[in-house]
Amino acid sequence: MNILILGGGGREHALAWAVLQNPKCDRLIVAPGNAGIAGIAETASLAIDDPQAVVEFAGENAVDFVVIGPEAPLAAGVGDALRRAGVSVFGPNADAAMVETSKSFTKELCDACGAPTAAYGRFTQASPALDYVRAQGAPIVVKADGLAAGKGVIVAETVDQAIDAVRDIFDGQFGDAGAAVVIEEFMQGEEASFFVLVDGTDVLPIGTAQDHKRIGEGDTGPNTGGMGAYSPAPIMDAAVTEAALEQIVRPCVAELARRGTPYSGVLYVGLMIQDGQPRLVEFNARFGDPECQALMIRLGAQALDLMQACAEGRLADARVNWADDHAMTVVMAAEGYPGDYAKGSVIGGLEQLLATSSQVVFHAGTALKDGKLVANGGRVLSVTARGDDLRQARERVYAMVDAVDWPEGVFRRDIGWRALK
Ligand code: AMP
Ligand code: GLY
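Everything numeric in this text was worked out from a predicted model, so none of it was measured.

Participant: Looking at this structure, I do not really get the overall build of the protein chain. What am I missing?
Facilitator: A tally of regular secondary structure across the protein chain gives 14 helices and 22 strands. A globule of 421 residues ought to have a C-alpha radius of gyration of about 22 Å, and the protein chain, at 21 Å, matches this closely. For the protein chain, the proportion of its 421 residues judged to be buried stands at 58%. Of the contacts formed within the protein chain by residues at least 6 apart in sequence, a portion of 69% connects residues at least 24 apart.

Pasting the structure below:
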């Protein structure tokens, strides 16, 4: 089977690594890929947000199966175009990907099927939005309605902060993503991510994780795309998992199907859990990054079979072979991230960290320059290890991090603190 993965981050390196474990994969192309992916698969330069370009590339390369990593191609309709062209694809159509691309779409979906989530208001003008903030008080959460690369959410501690956030969004801070504002009740509790494959009607849970969004240890400082993750999430016990499936996932999936926009792909269910009761924070229409790295090292070769079963509507008969294992990913980022950072610093030491079934250094923002591996993005490496328990996974992953020779790299020493305390 010829497989094409779209994307070029740590998530896509992990997807490529898992797909290559499976003997069904004859040829793997990753577009655009990165320096780490180029070490294990073919890479290609391709306009991955251009549906027609992707369809043509798939045809020229006799691609049998496409895995869409990031949200932008989903929002652009790459899934739709591939399906129309008869190519099997893992990733929802654009109308179902609205669960990620429009926050108010998901709030309204939850209303329609009774899924528990924060109370909210949606506004297209500043003055009623400001009235709503003043009436509700703080803490309160202000969000740009559209896709804002994970930056469009402001958790305001005070009414003044919320007012500034509303004004900034309507002043165009997030461009078109801020044409509407969603203002939500602040939910207390512990967050976890739940990953569920959906084939339109059937659902199959494939793992849980928790990530660390803040740059600083102790969960301080500005938000990032994620500085580390571990799987499974201890808070997602059987009862919470069942409640999330029955009260949130199944009703929303059924409502999307009823509307004629069935969801097919992985549904990333971001939850807030308090007193054993999960509520929905957000859906994403893709795997999380870096959560995917921790999930893929646990799933290995079966990830391909599961994604194919999902794409072909066979989830009712699919099963996950669970090992009783734990995984942790530590992100190494360029100094300055998530603000301005320099590119081009040389990364050494990776030759001692050969990939095995229990440790892999996934690359995110790397490139080769004059034969040397250099940093080429904000999040640069996703160092990942698996163990019998989370403590062992942590020991292994930090031993790997310490073996990386990259003085310009920054990382958190406390990934997993909540689960290990
Ligand atoms: P989102 O992009 O919607 O996931 O929001 C980013 C982060 O903001 C989440 O992971 C939460 O930590 C926080 N957040 C979003 N909405 C809420 C809410 N209603 N209550 C509390 N925290 C929230
Ligand atoms: N790590 C969070 C995300 O991928 O959205």
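Now that the structure has been shown, we can carry on.
Participant: How should I be thinking about the environment of Leu-390 in this particular structure?
Facilitator: Take Leu-390: it is sitting in helix H13 (residues 390-403). Expressed as a C-alpha distance, the spacing of Leu-390 and Gln-173, which sit 217 residues apart in the sequence, is 40 Å. Excluding residues that lie within four positions of it along the chain, Leu-390 makes contacts with Tyr-230, His-326, Ala-327, Met-328, Ala-419 and Leu-420.

Participant: Looking at this structure, I do not really get the site of ligand 2. What am I missing?
Facilitator: For ligand 2, the full set of nearby residues is Asp-211, Gly-225, Tyr-268, Asn-284, Arg-286, Gly-288, Asp-289, Pro-290 and Glu-291. The backbone of Asp-289 places a nitrogen or oxygen atom 2.9 Å from an oxygen atom of ligand 2. Protein contacts shield 88% of the accessible area of ligand 2, which totals 200 Å² for the unbound molecule. Classifying every residue of the shell around ligand 2 gives two nonpolar, three polar and four charged.

Participant: What exactly am I supposed to notice about the site of ligand 1 here?
Facilitator: Within the structure, ligand 1 sits among 15 residues, and Glu-184, Glu-185, Met-187, Glu-191 and Glu-282 are positioned closest to it. Contact between ligand 1 and Lys-143: a nitrogen atom at 2.9 Å from a side-chain N or O atom of the residue. Take Glu-282: an N or O atom from its side chain is 2.8 Å from an oxygen atom of ligand 1. If ligand 1 stood free it would expose 470 Å²; the protein chains cover 89% of that surface. When residues of the shell around ligand 1 are traced back to their parent elements, those giving at least two are strand S7 (140-144), strand S8 (153-156), strand S9 (181-185) and strand S16 (277-284).

Participant: Even after reading the chapter, I still don't get the sheet that holds strand S5 (residues 88-90), so can you show me in this structure?
Facilitator: Strand pairing in a sheet is mediated by backbone hydrogen bonds. Such pairs are either parallel or antiparallel. Reading across from one edge, S3-S2-S1-S4-S5 is the order of the five strands in this open sheet, with parallel pairing throughout. Two strands close off the open sheet at either side, each with one partner strand: strand S3 (42-43) and S5. In the sheet, strand S2 (residues 27-32) pairs with S3 via two bridges, with the strands oriented parallel. Across the sheet, the residue bridging to Ile-29 is Glu-42, located in S3.

Participant: I tried to follow the pattern of salt bridges on my own but got confused; where do I start?
Facilitator: One pass over the full model with this rule turns up 21 salt bridges. Across the pair Glu-100 and Arg-286 runs a salt bridge, and its minimum N-O distance is 3.0 Å. Residue Glu-100 is found in helix H6 (residues 98-101), and its partner Arg-286 is found in the loop between S16 and helix H11 (291-299); the two are separated by 186 residues along the sequence. Here the two residues Glu-100 and Arg-286 agree in accessibility, since each one is buried. A salt bridge links Glu-108 to Arg-259, with the nearest nitrogen and oxygen atoms 3.3 Å apart. With Glu-108 in helix H7 (residues 103-113) and Arg-259 in the loop between helix H10 (238-258) and strand S15 (264-274), this pair connects stretches of sequence that are 151 residues apart.

Participant: Honestly, unusual backbone geometry in this entry has me stumped. Any pointers?
Facilitator: Comment: phi is negative for the bulk of residues other than glycine, and the bulk of peptide bonds are trans. Along the chain, Ala-138 connects to Pro-139 via a cis peptide bond; the corresponding omega equals -5 degrees. Residue position: Pro-139 is located in the loop between helix H8 (126-136) and S7. In this structure, Pro-232 follows Ser-231 across a cis peptide bond, with omega equal to 0 degrees. If you trace the backbone, Pro-232 turns up in the loop between strand S14 (228-231) and H10. The phi angle at Ala-62 is positive, at roughly 50 degrees, despite the residue not being glycine. For Ala-62, a relative accessible area of 46% corresponds to the partly exposed category.

Participant: Just to check I follow, could you spell out the sheet that holds S7 for this structure?
Facilitator: Pairing in this open sheet of four strands is antiparallel, and the strands run S6-S9-S7-S8 from one edge to the other. The outermost strands of the open sheet, each flanked by one partner alone, are strand S6 (120-123) and S8. Along the sheet, successive strands turn relative to each other by an average axial angle of 15 degrees, direction set aside. Contacting S6, S7 and S9, H8 crosses the sheet at an angle of about 160 degrees to S6.

Cut-off values and rules
Residues numbered from 1 in each chain as written. Chains lettered and ligands numbered in written order. Predicted model: local features only at pLDDT ≥ 70, side-chain atom pairs only at ≥ 80, totals over all residues. Heavy atoms only, no water. Helix = DSSP H or I, 4+ residues; strand = E, 2+ residues; numbered from the N terminus. Rg over C-alpha atoms; globule rule 2.2 N^0.38 Å. Buried < 20%, exposed > 50% of the residue type's maximum accessible area, 1.4 Å probe, protein only. Contact = heavy atoms within 4.5 Å. Near = heavy atom within 4 Å. Polar contact = N/O pair within 3.5 Å; in protein donor to acceptor, adjacent residues only side chain to side chain. Areas by Shrake-Rupley, 256 points an atom, 1.4 Å probe, with all protein chains shown as cover. Nonpolar A, V, L, I, M, F, W, Y, C, P; charged D, E, K, R; others polar. Pairing = 2+ DSSP bridges. Salt bridge = Lys/Arg side-chain N within 4 Å of Asp/Glu carboxyl O. Axes fitted to C-alpha atoms, helices over the stretch in contact; angles between N-to-C directions.

Purely geometric stuff here, so don't read any function into it on its own.
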